[in-house]
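# Examining the three-dimensional arrangement
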Amino acid sequence: MSANHGPEGQQTKHQQQTYDSAFLKACRREPVPHTPVWFMRQAGRSLPEYLKVREGIPMLESCMRPELVTEITLQPVRRHKVDAAIYFSDIVVPLKAIGVDLDIKPGVGPVVAEPIRTRADLDRLRDLTPEDVSYVTEAIGMLTAELGATPLIGFAGAPFTLASYLVEGGPSRNHEHTKALMYGDPQLWADLLDRLAEITSAFLKVQIEAGASAVQLFDSWVGALAPADYRRSVMPASAKVFDAVAHYGVPRIHFGVGTGELLGLMGEAGADVVGVDWRVPLDEAARRVGPGKALQGNLDPAVLFSSREAVETKTDEVLAAAAGLEGHVFNLGHGVLPTTDPDALTRLVDYVHTRTAR
Ligand SMILES: Cc1c2[nH]c(c1CCC(=O)O)Cc1[nH]c(c(CCC(=O)O)c1C)Cc1[nH]c(c(CCC(=O)O)c1C)Cc1[nH]c(c(C)c1CCC(=O)O)C2
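Residues numbered from 1 in each chain as written. Predicted model: local features only at pLDDT ≥ 70, side-chain atom pairs only at ≥ 80, totals over all residues. Heavy atoms only, no water.

Looking at an unreviewed UniProt entry, one finds the protein named Uroporphyrinogen decarboxylase, with Streptomyces roseicoloratus as its source organism. In its Subunit (unreviewed entry) section, UniProt records this for the protein: "Homodimer." (UniProt positions renumbered as here; feature names shortened; annotations may be inferred.)

Here we take up the pattern of salt bridges. Under the counting rule described, the total for this entry stands at 19 salt bridges. A salt bridge links R79 to E49; the shortest N-O distance between them is 2.8 Å. On the criterion of sequence distance, the pair formed by R79 in helix α5 (residues 66–80) and E49 in helix α3 (residues 48–54) is long-range, its members being 30 residues apart. On the accessibility criterion, E49 (23% relative accessible area) is partly exposed. (Salt bridge = Lys/Arg side-chain N within 4 Å of Asp/Glu carboxyl O. Helix = DSSP H or I, 4+ residues; strand = E, 2+ residues; numbered from the N terminus. Buried < 20%, exposed > 50% of the residue type's maximum accessible area, 1.4 Å probe, protein only.)

This part covers the site of the ligand. With respect to spatial proximity, 26 residues lie near the ligand, and among them R41, D90, G107, S220 and H334 are the closest. A distance of 3.1 Å is found between an oxygen atom of the ligand and a backbone nitrogen or oxygen belonging to A43. The separation between an oxygen atom of the ligand and a polar side-chain atom of R45 is 3.2 Å. Looking at the shell around the ligand, the elements that each hand over two or more residues are α3 and β3 (109–112). By residue class, the composition of the shell around the ligand is 16 nonpolar, 6 polar and 4 charged. (Near = heavy atom within 4 Å. Polar contact = N/O pair within 3.5 Å; in protein donor to acceptor, adjacent residues only side chain to side chain. Nonpolar A, V, L, I, M, F, W, Y, C, P; charged D, E, K, R; others polar.)

Before going further, it helps to spend a moment on the UniProt feature "site: Transition state stabilizer" (unreviewed entry) in the protein. Following the UniProt record, one finds the feature "site: Transition state stabilizer" (unreviewed entry) at D90. Looking at where D90 falls in the secondary structure, it is placed in the loop between β1 (85–86) and α6 (93–97). Setting aside chain neighbours within four positions, we find D90 in contact with M59, C63, I104, P110 and F155. (Contact = heavy atoms within 4.5 Å.)

Before going further, it helps to examine the nonpolar core. Judged by nonpolar contacts, the single largest core of 125 residues is most densely connected at F23, L192 and Y230. For this core, the element with the highest residue contribution is helix α11 (residues 186–210), accounting for 13 residues. Apart from residues no more than four positions distant in its own chain, F23 is found in contact with P36, W38, D83, A84, P151, I153, A214, I253, Q296 and V329. (Core = buried A, V, L, I, M, F, W, Y, C linked by side-chain atoms within 4.5 Å.)

Here we come to helix α10 (residues 176–184). Inspection of α10 places T178, L181 and M182 among the buried residues, and these make up the whole buried set. Projected down its long axis, α10 carries its buried residues within an arc of 100 degrees, all on one side. In the core, the buried residues of α10 are packed alongside α9 (159–168), α11 and α12 (227–233). (Arc of directions from axis to C-beta.)

Moving on to the packing of aromatic side chains. Considering all chains together, one arrives at 4 aromatic pairs under this definition. Measuring from ring centre to ring centre gives 5.3 Å for F155 and F218, while their planes differ by 85 degrees; the resulting arrangement is edge-to-face. Within this pair, whereas F155 is found in strand β4 (residues 152–157), its partner F218 is found in strand β5 (residues 214–219), the two being separated by 63 residues in sequence. Take F155 and F218: they sit in the same class, and that class is buried. Among the aromatic residues, those joined into a ring-pair cluster are F155, F218 and F255. Between the NZ or CZ atom of R28 and the centre of the ring of Y19, over which it lies, the distance is 3.8 Å. (Phe/Tyr/Trp six-rings, centres within 6.5 Å; stacked < 30°, edge-to-face > 60°. Lys NZ or Arg CZ within 6 Å of the ring centre and 35° of its normal.)

Here's what the structure looks like:
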C-alpha cells in the first residue's frame, strides 16, 4: 500500500466510511477489536434467499443486473454479519464483456466456445474499457450506499487461472493444454498472460474507482505449477496487476489453492494480504510468505459439515496458529461448498468474533 495514502485523499465516501473497519485494519496489520471474518463464495447456493432470487436467471445474466447484484451481495452480510461483502460476479465476467464467447454451465463452470491456442486467437482478446462493464460501476454505486461501514471487496481472476479457462476451453484437472502452451510457445504464453494482466488490471480499477475498499486476485488453479515455472511464466503477470492498482492504497489480497510451495513467491508478487488454503497452518504460512504481509484463511470448508464441537475445535486451531500474526483475516481455505448449512456459517462468524474480542 502506498505509504502516503490516508483516510482522506482520492477516496470515495464508502472507502472513507470503511477505513477504520476491522477488516481493513487487519489487512493493514493494525490492531483490531476482533478478528474480521468473511467467506469466499459467501453469496451463492448455500443461501435459500439466493436460490430464490436467481430462479430462472442464468449466472452471467444475473451478473449484469445491478439491482440483483446488489441484493445477492448484501444477502450474506445481513444473514451472517460478516465483516466484508464480496462483489457478486464471476472471474469470467470481464472476458465476456470484451466479447469472448463463453457461458457458465451449472455444475460445470465456465465453458469457452473457441479456446485460445494460437496468435490469431490471442488477437481476439481486446482491452477492457469501463464502458464494457458499466453495470459494475452502477452496481457498486448502489451497493456501497447500502453497505455503510461494511467494506466491499472487489475481485478478479488472476492471469494464470483465466488463461487456464481460455486455453482449455473449460474447467480442467491437469491443465494440459495450458501447460503445453506455456512450455511449447513461451512468447505466445507471455503475451497471453500480459494481455490478461491488462484486462484484469482495468477491471480492478473500475471496481476501486466505483468504491471497492479492497480487491482480491483469485489464482485458484495456480497450485498446479512448480515454483520455478510460477516464477518464470506467471509471477510477472500477477505482479503487473498488483502494481497497476498499488497507487489506490486499497489492500490487495492474493489467493490460490494448493499453494504451499508457492507462498513465498505469491508474497513477492506484491499483494498486501496472502490467502492460504487449509493445507498449511497459518504460523507456517507466515514463515513462508515472509514479513510485512497479513494472512487470510484458512478453515477447511468441509469442516462445516461436521458437528458444532468439531467446527469449534478446528476453528480454535486456526486461531491459535494465527495468534502471533500481525494481521489475520479469518476465512475458509477455499469457497463455501454449495450444500453447506448456512446456520453453521452464521455460528462460525459469531464464534470467531467472540473468541477474538479484545
Ligand atoms: C475458479 C472461479 C470461478 N469463479 C470464481 C472463481 C475463483 C474462486 C474459486 O476458486 O472458487 C470467483 C467467483 N464466482 C462467484 C463469486 C461470487 C462472490 C462470492 O465469493 O460470494 C466469486 C468470487 C460466483 C459464482 N460463480 C459460479 C456460481 C454458481 C452458479 C450458479 O449459482 O448457478 C456462483 C455463485 C459459477 C462458477 N464459476 C467458476 C466455477 C468453478 C463455478 C462453479 C460451477 C458450478 O459448480 O455450478 C469459476
